[in-house]
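Chain by chain, the residues run as shown.
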Amino acid sequence: MSLTSDPPIGPPLKPSADPPADPPAEKAAGPADNEALTVVPVRHPWRWVAIAATAVLLAQFLNGLITNPGWEWDVFAQFFTAPTILKAVWITLQLTLYGTAIGFALGIVLAFMRLSASVFLRTVAYGYIWAFRSIPLIVQLLFWFNLAYLYKELQFGIPFGPGFFAFDTMNLVGATSAAVLGLALHQAAYAAEIVRGGVLAVDGGQLEAAAALGIPKLRQLRRIVLPQAMRSILPNAANEIISLFKGTSIVSVMAIGELFYQVQVVYGRNGRVVPLLMVATVWYILLTTALSVLQHYVERHYAKGAVR
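This text gives an overview of the structure that appears in the document.

Analysis parameters
Residues numbered from 1 in each chain as written. Predicted model: local features only at pLDDT ≥ 70, side-chain atom pairs only at ≥ 80, totals over all residues. Heavy atoms only, no water. Helix = DSSP H or I, 4+ residues; strand = E, 2+ residues; numbered from the N terminus. Buried < 20%, exposed > 50% of the residue type's maximum accessible area, 1.4 Å probe, protein only. Contact = heavy atoms within 4.5 Å. Areas by Shrake-Rupley, 256 points an atom, 1.4 Å probe, with all protein chains shown as cover. 1 Å grid on protein atoms, 1.4 Å probe; cavity = no way out; pocket = protein on both sides within 12 Å on 5 of 7 lines; lining within 4 Å. Points joined across faces, edges and corners; volume = space filled by probe spheres on them. Phe/Tyr/Trp six-rings, centres within 6.5 Å; stacked < 30°, edge-to-face > 60°. Core = buried A, V, L, I, M, F, W, Y, C linked by side-chain atoms within 4.5 Å. Lys, Arg positive; Asp, Glu negative; His and termini not counted. Salt bridge = Lys/Arg side-chain N within 4 Å of Asp/Glu carboxyl O. Axes fitted to C-alpha atoms, helices over the stretch in contact; angles between N-to-C directions. Parallel < 35°, antiparallel > 145°, perpendicular 65-115°, else oblique. Left-handed = near helix turned anticlockwise from the far one by under 90°. Nonpolar A, V, L, I, M, F, W, Y, C, P; charged D, E, K, R; others polar. Arc of directions from axis to C-beta.

**Some thoughts on the overall build of the protein chain**
So, step 1. Regarding its fold elements, the protein chain presents 13 helices and 2 strands.
So, step 2. By residue count, 27% of the 308 residues in the protein chain fall in the buried class.
So, step 3. Contacts in the protein chain between residues far apart in sequence, at least 24 positions, make up 71% of those at least 6 positions apart.
So, step 4. Total accessible area on the protein chain is roughly 21,300 Å²; 67% of this is exposed by carbon and sulfur atoms.

Right under this line is the structure:
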C-alpha cells in the first residue's frame, strides 16, 4: 500500500548488472616523476660577500705582518729565547701558580662560609668578597708592597694581650711576596663566587638522599657534590686562571722581573719597542693556548657520564 496519494509514474527501475564506476583516482607519483624534480639549494649571496670581504682583510693583515719591515722579525727571533726572557717567563708562571693555588684554596673556604647557616660567617665572607672585588688589583699590590710603612712588625700571642714572638715586616714581605699575596687574595674573591655557583648548581635532592642513606657530610661533599660541581666550576675557573696569568704583568709596577717588565727593560735599552712587545705577546699566546688545552682535557674528564 502506498504511503502517498500520488500514484507511481513509471515502472520501477531494474538494478544494473554492472557496479557504478569509481571516481578517477589521482595518479600516484612514481620514481620517474621524483627524479624529474629539480632541487634548488637555498642561496645566500650576502654570506659569500661577507666571506670574501673577511678573506681579503685577513690576507691584507697577514701580508702586512710578513712584509712590513717595522715588525723587525729578526730582532724578535733574537730575543724570543734569550735567557733573560726565559727567566722572566718562569717568574710569570711561578706567580700564576702560587696565586692560583693560594687563591682557590682560600676561595673554597670563603665559598662554604657563604653557604653556611651562620649569619656571621656569611657576612664576613660577603664583606671580603665585596671589598676585594671593589678595590683595583694595582691598589692592592701597592698596599701589600708598602705594608711595612703601616706595620713595622707583626706579633703573635694573646689577642689584645701580650705577644709571644714578632716578625719584622720589612724583611718578611718583599716585592715577590707582596705580589703573590696581592694576586692570591684578589683571586680568592672571584674563586669563592665560582665555587659557590658550582655547588649551588648541584641538585639538593641528591644531598637529601645521601643524608637519608647515612653518608657522612664530608663524604657527600667529596664524592657527590664536588664531582658534579666541577662541571660548572671548571670553565669559569679556567677563565680566571688565564686572566691571572695575563694579569701578572701588572706587578711590573713593583719592579719584579716578570715577562712584561723584562721586555720593558730590554726595549728601554735598545729602543726596539715593537719586536719586544711581540716577544711578550707570542709568549702569552703560547702559554694561554697550553692552559686552554689543559682545560679541555680536565673538562672532558669530569664530563664522563654527563648528558650533552
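**As for the layout of surface pockets**
So, step 1. In this structure, the largest pocket spans a volume of roughly 560 Å³.
So, step 2. Lining the largest pocket are 22 residues; nearest its centre among them are Thr100, Phe104, Leu234, Ala237 and Ile241.
So, step 3. Going through the elements one at a time, α4 (83-114), α11 (217-247) and α13 (273-302) are the ones with two or more residues in the lining of the largest pocket.
So, step 4. Residue contributions to the lining of the largest pocket peak at 9 residues, all from α4.

**Quick look at the packing of aromatic side chains**
So, step 1. Evaluated as defined, the whole model comprises 7 aromatic pairs.
So, step 2. With a centroid separation of 5.3 Å and 35° between ring planes, the pair formed by Phe76 and Phe80 is classed as tilted. With Phe76 and Phe80 both in helix α3 (residues 73-80) and 4 residues apart, the pair spans about one turn of that helix. When sorted by exposure, Phe76 lands in the same class as Phe80, which is buried.
So, step 3. Seen from their ring centres, Phe143 and Trp144 are 5.2 Å apart, and the 75° between their planes marks the pair as edge-to-face.
So, step 4. Overall, Phe143 belongs to the partly exposed group, its relative accessible area being 39%.
So, step 5. Members of the aromatic cluster, connected to one another through ring pairs, are Trp71, Trp73, Phe76, Phe80 and Trp283.

**Examining the nonpolar core**
So, step 1. In terms of nonpolar packing, the biggest core is built from 24 residues, with Leu110, Tyr128, Leu183 and Val251 touching the most fellow members.
So, step 2. Elements with a contribution of two residues or more to this core: α4, α5 (119-134), α6 (137-145) and α9 (175-200).
So, step 3. In terms of residues, this core owes the most to one element, α9, which gives 8 residues.
So, step 4. Residues contacting Leu183, with those up to four places away along its chain left out, are Leu95, Leu137, Leu141, Leu244, Thr248 and Val251.
So, step 5. Counting 18 residues, the second-largest nonpolar core is a separate cluster that includes Val75, Phe79, Phe80 and Val266.

**Describing the side chain of Glu240**
So, step 1. Along the chain, Glu240 falls in helix α11.
So, step 2. Buried and without a salt bridge, Glu240 has Arg133 as its closest oppositely charged side chain, separated by 8.7 Å.
So, step 3. Contact partners of Glu240, with chain neighbours within four places excluded, come to Gln187, Tyr190 and Ile194.

**Side note on the packing of α4 against α9**
So, step 1. In contact at an axis separation of 6 Å, α4 and α9 are set at 45° when each is read in the N-to-C sense. Considering their axes alone, α4 and α9 lie oblique with respect to each other. Between α4 and α9 lies a crossing of right-handed hand.

**What about the packing of α3 against α13?**
When two helices pack together, their arrangement is given by the angle between the helix axes and the distance between those axes.
So, step 1. Between α3 and α13, the shortest axis-to-axis distance is 9 Å and the interhelical angle comes to 55°. Taken together, the axis directions place α3 and α13 in an arrangement best described as oblique. Between α3 and α13 the crossing geometry is right-handed. Within the contact between the two elements, α3 uses Trp73, Val75, Phe76, Phe79 and Phe80 and α13 uses Pro275, Leu276, Met278, Val279, Val282, Trp283 and Leu286.
So, step 2. When grouped by side-chain class, the residues that make up the contact of α3 with α13 number 12 nonpolar, no polar and no charged.

**Some thoughts on the pattern of salt bridges**
So, step 1. Tallied over the entire structure, the rule returns 3 salt bridges.
So, step 2. Among the ionic pairs, Arg272 bridges to Glu72, the shortest N-O distance being 2.9 Å. Placement of Arg272 in the loop between α12 (259-270) and α13 and of Glu72 in the loop between α2 (45-67) and α3 is noted, with a sequence separation of 200 residues between them.
So, step 3. Residue classification places Arg272 among the partly exposed positions, given a relative accessible area of 35%.

**Quick word on α3**
So, step 1. When we look at burial in α3, the residues that qualify are Val75, Phe76, Phe79 and Phe80. Looking straight down α3, one finds its buried side chains confined to an arc of 130°; they lie on one side. Relative to its buried face, α3 has exposed residues pointing more than 90 degrees away, namely Asp74, Ala77 and Gln78.
So, step 2. The elements touched by buried residues of α3 are α4, α12 and α13.

**Quick notes on the side chain of Glu258**
So, step 1. Mapped onto the elements of the fold, Glu258 is located in the loop between α11 and α12.
So, step 2. Buried and unpaired, Glu258 has Lys246 as its nearest opposite-charge partner, separated by 13 Å.
So, step 3. If near-sequence neighbours (up to four positions away) are discounted, Glu258 is found in contact with Ala88, Ile91, Thr92, Leu95, Thr248, Ser249, Val251, Ser252 and Tyr284.

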